[in-house]
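Results of the structural survey
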Amino acid sequence: MDTIFAEATPPGRGGVSVVRVSGPEARAILESLAGVVSAPRVAHVRALRDGDDLIDRALVIRFDENHSFTGEDVAEFHLHGAPVIANRLSQALLTRGARRAEAGEFTRRAFLNGRINLAEAEGFADLLSAETEAQRKLAIRNAEGELGQVVDALRARLIRAGALIEASIDFADEEVPEEVPQEVFEIAQEISAEISQLLASFPATERLREGYEVAIIGKPNAGKSTLLNQIAKREVALVSDIAGTTRDVLELRTDLRGLPVTFLDTAGLRESNDKVEMMGVERARQRAENADLRIHLTESGVSEEVKRPGDLIVRSKADLGQGTGLSISAKTGEGVADLLDMVYDVLRQRAADSGLVAHKRQAEALERARQALQLEEGMAPEFLAERIRQANQALEVMIGRIEAENYLDEIFLSFCIGK
Ligand SMILES: Nc1nc2c(c(=O)[nH]1)N(C=O)[C@@H](CNc1ccc(C(=O)N[C@@H](CCC(=O)O)C(=O)O)cc1)CN2
Ligand SMILES: Nc1nc2c(ncn2[C@@H]2O[C@H](COP(=O)(O)OP(=O)(O)OP(=O)(O)O)[C@@H](O)[C@H]2O)c(=O)[nH]1
C-alpha cells in the first residue's frame, strides 16, 4: 500500500495549513523530519528538518494504525500557512517515497479499511459539499452513520427470518412438510413497510441535497432581471427597456435562510423572428419546466402555457399602479421580501419531508430489497429463503459491504484532494 499525502486545508495563504500523510511509511517519514514522536494523538511542536534545511517549526501529530481517520498510520503537519512551506514539505515527502493523494483517497481508505461504510462516505461527500445549514444537517446525520444503523437493524431481522426458514427446511419430514412460520411473513412485511417509508422521503431528500431551482419567468420586459438583481442585491443581470434583453439562463445561487436556492433569470417568453432570442426562449421553457418552483412575473396577465399548480403569480412594477395578489416593484424593492418569504415557505415544507435516503444508489438498493420481500404464503421454503437472501444482499450493497467497486470512483472522485 502506498503512503499518500495531501494538503488537507485549501491551497493559499492562511493562519495554518495542514498536510496529512497516511500509509505504512507515515510514522517513519514523520520521524525522519521531526524526530521521534512517541505519544500518538498528542500535538507536539517540532522543528521540521530536511537535512540542514529547517522547513518550519510546526505542530505534528501521529495516529496509530486502527486508531486514525483512515485506519492506517497517519501523520499530520500543522504548518505556518504559506504555500511555500507546504510546497517545501511536499518535496521532502516525495523524496521519502510518499506520493500525492488522489481526490477522496483518504476517505476511500477509511472505507476500504472498514472505518466507515459507503452510506457514511456519501454522507461525508455531502457534508463537504454542503453550502447551507439544511444541507449540513442532512449530511451530518448520514456521515454519523444513521442510515447505516437503520439498515443494519433491518438486516438483523432478515437474518432471523432466514434462520426460521432454514429451520423449517432442515426439520421438514418428507411426508409431513413443516410449515414456514408465520413470523417470516410478518418480518418481511414489516421490513418492506419500513423500506417504503425510507423511500418515500427520497425525492425530497435528493432535492434538498442537490439544491432547489426557482425559475423567474414571464413576458419580455416584465422585470425579471431587475428582480434577480434585487434578490442578489447587486447587478448580476443586464437590465434594459429593450424587450428580449436576457437570452441565456442566468443563475444566482443563494442561501435562503438555510435552504439552497438557485434563482434563474430566463428569457422573456414570446414569439420572435430573432433566432438567438428564440433559442433563449426555448431554453427558458425547459429550465422552467424542470424547476422546483416558478415565479410568473407579469404586468398584466400570466403566460398560461407554462403555468403549473403551485406556481407563484406575482404582479410586477407595483410602483406604476395597483394590482391584485402579491405585487412587487423590483425597482424599489417593495414586496420582494414578501415574495422571498413565500418562496421560503413553499421550499421549507418540501424540505420537511426529507429523510435519510439521499442518493439514487441507496434508493435503488433499498427498492431491490423491498421487491425481494414481496413474499406469498404458498411459496416453497427454498424459494422464500432465496428471496430473504436477495433482500439481505441488496441491503449489503447499500452500505457497501459487497459489490461496492462500481461506485467507488463515482463517490470518492467527487471529493476534493486532501479529503
Ligand atoms: N486535524 C484533523 N482534523 C480533522 C480530521 C483529521 O483527519 N485531522 N478529520 C478527518 O477528516 C475529521 C475528524 N475525523 C477523525 C476521525 C477519527 C480520528 C481518529 O484518530 N480516530 C481514532 C482515535 C479516536 C480517539 O482519539 O478517541 C479511533 O477512532 O480509534 C481522527 C479524525 C475532521 N477534523
Ligand atoms: N417602474 C418600474 N420599472 C421596472 C420595474 N422592474 C423593471 N422595470 C423596468 O422594466 C424594463 C425591463 O426590465 P428587465 O428587468 O430587463 O425585464 P426582463 O423581464 O428581464 O426583460 P427581458 O430580458 O426582455 O425578458 C427596464 O427598463 C426596467 O428598468 C419596476 O418594478 N418598476
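Overview of the structure. (Residues numbered from 1 in each chain as written. Chains lettered and ligands numbered in written order. Predicted model: local features only at pLDDT ≥ 70, side-chain atom pairs only at ≥ 80, totals over all residues. Heavy atoms only, no water.)

Throughout the structure, instances matching the rule amount to 35 salt bridges. One salt bridge in this structure joins Asp-64 and Arg-62, with 2.6 Å as the shortest N-O distance. The class of Arg-62 is buried, set by a relative accessible area of 4%. Each of the salt bridges in this network shares a partner with another, and the network as a whole consists of Asp-2, Glu-72, Arg-99, Glu-105 and Arg-109. (Salt bridge = Lys/Arg side-chain N within 4 Å of Asp/Glu carboxyl O. Buried < 20%, exposed > 50% of the residue type's maximum accessible area, 1.4 Å probe, protein only.)

On to the site of ligand 1. The local shell around ligand 1 consists of Arg-20, Arg-41, Phe-63, Asn-66, His-67, Ser-68, Phe-69, Glu-76, His-78 and Arg-115. Within the contact set of ligand 1, an oxygen atom lies 3.2 Å away from a backbone nitrogen or oxygen of His-67. Within the contact set of ligand 1, an oxygen atom lies 2.6 Å away from a side-chain nitrogen or oxygen of Arg-115. Relative to its free-state accessible area of 680 Å², ligand 1 is covered by the protein chains to the extent of 46%. (Near = heavy atom within 4 Å. Polar contact = N/O pair within 3.5 Å; in protein donor to acceptor, adjacent residues only side chain to side chain. Areas by Shrake-Rupley, 256 points an atom, 1.4 Å probe, with all protein chains shown as cover.)

Let's shift gears to the sheet that holds strand S8 (residues 250–256). Across the sheet, which stays open at both edges, the 5 strands sit in the order S8-S9-S7-S10-S11 with mixed pairing between neighbours. Edge positions in the sheet fall to S8 and strand S11 (312–315), since each of these pairs with one other strand and no more. Sheet twist, expressed as the average angle between the axes of neighbouring strands with direction ignored, equals 25°. Bridge count between S8 and strand S9 (residues 259–265): 7 bridges; the pairing is antiparallel. Bridge assignment links Leu-256 to a residue of S9, and that residue is Leu-259. Against the sheet, helix H9 (residues 224–232) engages strand S7 (212–218), S8, S9 and strand S10 (293–298), with an angle of about 145° to S7. Helix H10 (residues 275–290) contacts S7, S8, S9 and S10 of the sheet and is inclined by roughly 135° relative to S7. (Pairing = 2+ DSSP bridges. Helix = DSSP H or I, 4+ residues; strand = E, 2+ residues; numbered from the N terminus. Axes fitted to C-alpha atoms, helices over the stretch in contact; angles between N-to-C directions. Contact = heavy atoms within 4.5 Å.)

We now examine the environment of Val-214. The topology assignment puts Val-214 in strand S7. Given a relative accessible area of 0%, Val-214 falls into the buried group. When the C-alpha positions of Val-214 and Phe-202 are compared, they lie 20 Å apart, and in sequence the two are 12 residues distant. Residue contacts for Val-214: discarding those within four places in its chain leaves Val-261, Thr-262, Phe-263, Leu-264, Leu-293, Ile-295, Val-343 and Leu-347.

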